[in-house]
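Observations on the model geometry
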Amino acid sequence: MYAAAQLVKPGAAPSFGENNTVILDTTSRVVDMAGLLSDSEKTALLTKLDEISERQQADIVVVTADTLDGKMPMDYADDFYDYNGYGFGENHDGVLLLVSMENRDWWISTCGYGITAITDAGIKYISEKFLSELSDGNYAESFST
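In this text, all values refer to a predicted model and were calculated from it rather than measured experimentally.

Glancing now at the pairing of strand β5 (residues 94–100). Most of β5 is tucked away, with seven of its seven residues classed as buried. Every second residue of β5 is oriented toward a common face, with Gly-94, Leu-96, Leu-98 and Ser-100 on one face and Val-95, Leu-97 and Val-99 on the other, all of them buried. Pairing analysis gives seven bridges linking strand β4 (residues 59–65) to β5, with the strands arranged parallel. When the bridges of β5 are listed, Val-62 appears paired with Leu-97. Regarding the hand of the β-α-β motif, the stretch spanning β4, helix α3 (residues 73–83) and β5 is right-handed. By the bridge criterion, seven bridges tie β5 to strand β6 (residues 105–111) in an arrangement that is antiparallel. Looking across to β6, one finds that Leu-98 is bridged to Trp-107. Hairpin connection, β5 to β6: the antiparallel pair is bridged by four residues, and Arg-104 has positive phi, about 55°.

What follows is the structure, encoded as structure tokens:
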């Protein structure tokens, strides 16, 4: 996990929360622990996510991981969002897309207004738009979609 933290923020060592959830000392909306994106792709994606997040007042976060450390994707995504302090306002409004390379799993976690804005039907619709690019290994394009 320390090596993963180095990809996110050189010199930063992760701490661990409840049930060994990684807590990174970062406010980045792109946390690429699996190393799927080039530096320029991360920068472009971060610029896009920052603009959308600020405009909508809801954090939009993309997280990639090599392993979920035995957790289910939903639990990992929810814990990562909560323990890393994402979200706007008292309801911590936002959305997190998790991609795990371990079992090629993904999950969209919502919080606060994100639950209202992105319903189960919305998640299904969104997944139909990005899954083919994700399956083909076109990660930057998939995350941008």
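All right, on to the nonpolar core then. Counting residues in each nonpolar core, the largest one holds 17 residues, and the members touching the most others are Leu-37, Leu-45, Leu-97, Ile-108, Leu-134, Tyr-139 and Phe-143. If you list the elements that add at least two residues to this core, you get α2 (39–56), β5, α5 (120–135) and α6 (139–144). Beyond its immediate chain neighbours, meaning those up to four positions away, Ile-108 contacts Val-95, Leu-96, Leu-97, Ile-123, Ile-126 and Phe-130. In terms of nonpolar packing, the next biggest core, distinct from the first, is built from 14 residues, Ala-65, Tyr-76, Phe-80 and Leu-98 among them.

In the structure shown here, the tally under the stated rule is six salt bridges. Between Arg-29 and Glu-54 there is a salt bridge, and its shortest N-O distance comes to 3.3 Å. Of this pair, Arg-29 sits in the loop between β2 (22–23) and β3 (30–32) while Glu-54 sits in helix α2, placing them 25 residues apart in sequence. For Arg-29, a relative accessible area of 9% translates into the label buried. Bridged by salt links that share partners, the residues Arg-29, Asp-50, Glu-54 and Asp-59 form one connected network.

On to the sheet that holds β6. The strands making up a sheet are joined through hydrogen bonds of the backbone, oriented either antiparallel or parallel. An order of β3-β4-β5-β6 is seen for the four strands of this open sheet, with the pairing classed as mixed. The open sheet has two free edges, formed respectively by β3 and β6, since each of these has just one partner strand. The sheet shows a mean angle of 10° between the axes of neighbouring strands, direction not considered. Together, β3 and β4 form the strand contacts of α2, whose direction differs from that of β4 by roughly 150°.

Calculation criteria
- Residues numbered from 1 in each chain as written.
- Predicted model: local features only at pLDDT ≥ 70, side-chain atom pairs only at ≥ 80, totals over all residues.
- Heavy atoms only, no water.
- Buried < 20%, exposed > 50% of the residue type's maximum accessible area, 1.4 Å probe, protein only.
- Helix = DSSP H or I, 4+ residues; strand = E, 2+ residues; numbered from the N terminus.
- Pairing = 2+ DSSP bridges.
- Right-handed = clockwise from strand over helix to strand, strands pointing away.
- Core = buried A, V, L, I, M, F, W, Y, C linked by side-chain atoms within 4.5 Å.
- Contact = heavy atoms within 4.5 Å.
- Salt bridge = Lys/Arg side-chain N within 4 Å of Asp/Glu carboxyl O.
- Axes fitted to C-alpha atoms, helices over the stretch in contact; angles between N-to-C directions.

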